[in-house]
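In case you want the letters, here they are:
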Amino acid sequence: MATPKDTEIPKQYNIDQSVLNKAKADKYFMVMTLPESLRGSKAKERSNSKVDFDALQMSVTGSPVPDIIVPALELPYQGQSVKISTHSRQVYENVFVSFKIDNLYRNWWVIYSWLDLLNNERESYYNKEGIGEHEAWEAMKDYTATFTIFGLDEYGNKVIRFDYEGCFPVSLQSPKYDDKNPEDIESQFEFAFTFFSATLI
């Protein structure tokens, strides 16, 4: 027979709230550490050459968590098959995130500048301005960075942390604006990465 202690809800899951109080638009908060090659001086004036801050923070929407696949392998044995793990991890698919453009277009422009570093608009080659510090064989250090996305609960508290290493943008969507819609201007960007980890907070 179950005792009250057996049915007790663990403290970390015992949240006093209405069961209907679960609607929240901002489920994820993103912190993008910028590569050294994009960072400039901390001047107050706006600049079109380098970014005047080291990291970019913004609320994002979408599905920022990649599929994690460690496939199985079938081994035939006496008319049947046994499945075993391959002990190998498949390459992660790129992640798409949507975000609201700030009133100075700074977050959109940072991603645009990053892509322009990877392939210059007019000259069509990497690092036209020569702002990287490393040779070509280790140039990834000049254009990759670490991204962190925090999963938020309905009260805005951070409950899980997703870390992405070796990140760089792949595409940037044009700003979506409608004169008939009073909502904030939104955009979307896609980024590639090499390593992923998830940590409960």
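Bear in mind the structure is a predicted one, so any value in this text is a computation, not a measurement.

1. Here we look at the packing of aromatic side chains
Evaluated as defined, the whole model comprises 13 aromatic pairs. Aromatic rings pair up to connect Tyr92, Phe99, Trp114, Phe147, Phe162, Tyr164, Phe189, Phe191, Phe193 and Phe196 into one cluster. If you follow lysine 158 out to its NZ or CZ, it ends over the ring of phenylalanine 150, 4.2 Å from the centre.

2. Here's the deal with the nonpolar core
Of all hydrophobic cores here, the largest spans 31 residues; its most connected members are Met30, Phe147, Tyr164, Phe189 and Phe191. Broken down by element, the residue count for this core peaks at six residues, all from helix α1 (residues 106–118). Those residues in contact with phenylalanine 191 that lie beyond four places of it in its chain are Met30, Asn94, Val95, Val97, Phe147, Tyr164, Cys167, Phe168, Pro169 and Val170.

3. Some words on a nonpolar patch on the surface
Together, Leu73, Leu75, Tyr77, Val82 and Ile84 line one region of the surface with nonpolar side chains, adding up to about 450 Å² of accessible area. Broken down by secondary-structure element, the contributors of at least two residues to the nonpolar patch are β3 (72–77) and β4 (80–85). Ranked by residue count, the leading element in the nonpolar patch is β3, at three residues. Within the secondary structure, tyrosine 77 is located in strand β3. The exposed category is assigned to tyrosine 77, whose relative accessible area is 54%.

4. Focus on the pattern of salt bridges
Summed over all chains, the structure comprises two salt bridges. We note a salt bridge from aspartate 163 to arginine 161, for which the minimum N-O separation is 3.0 Å. What makes aspartate 163 buried here is its relative accessible area of 12%. A relative accessible area of 34% places arginine 161 in the partly exposed class.

Basis of the calculations
Residues numbered from 1 in each chain as written. Predicted model: local features only at pLDDT ≥ 70, side-chain atom pairs only at ≥ 80, totals over all residues. Heavy atoms only, no water. Phe/Tyr/Trp six-rings, centres within 6.5 Å; stacked < 30°, edge-to-face > 60°. Lys NZ or Arg CZ within 6 Å of the ring centre and 35° of its normal. Core = buried A, V, L, I, M, F, W, Y, C linked by side-chain atoms within 4.5 Å. Buried < 20%, exposed > 50% of the residue type's maximum accessible area, 1.4 Å probe, protein only. Helix = DSSP H or I, 4+ residues; strand = E, 2+ residues; numbered from the N terminus. Contact = heavy atoms within 4.5 Å. Patch = residues over 30% accessible without salt bridge, like charges linked within 9 Å, V, L, I, M, F, W, Y side chains within 5 Å. Areas by Shrake-Rupley, 256 points an atom, 1.4 Å probe, with all protein chains shown as cover. Salt bridge = Lys/Arg side-chain N within 4 Å of Asp/Glu carboxyl O.

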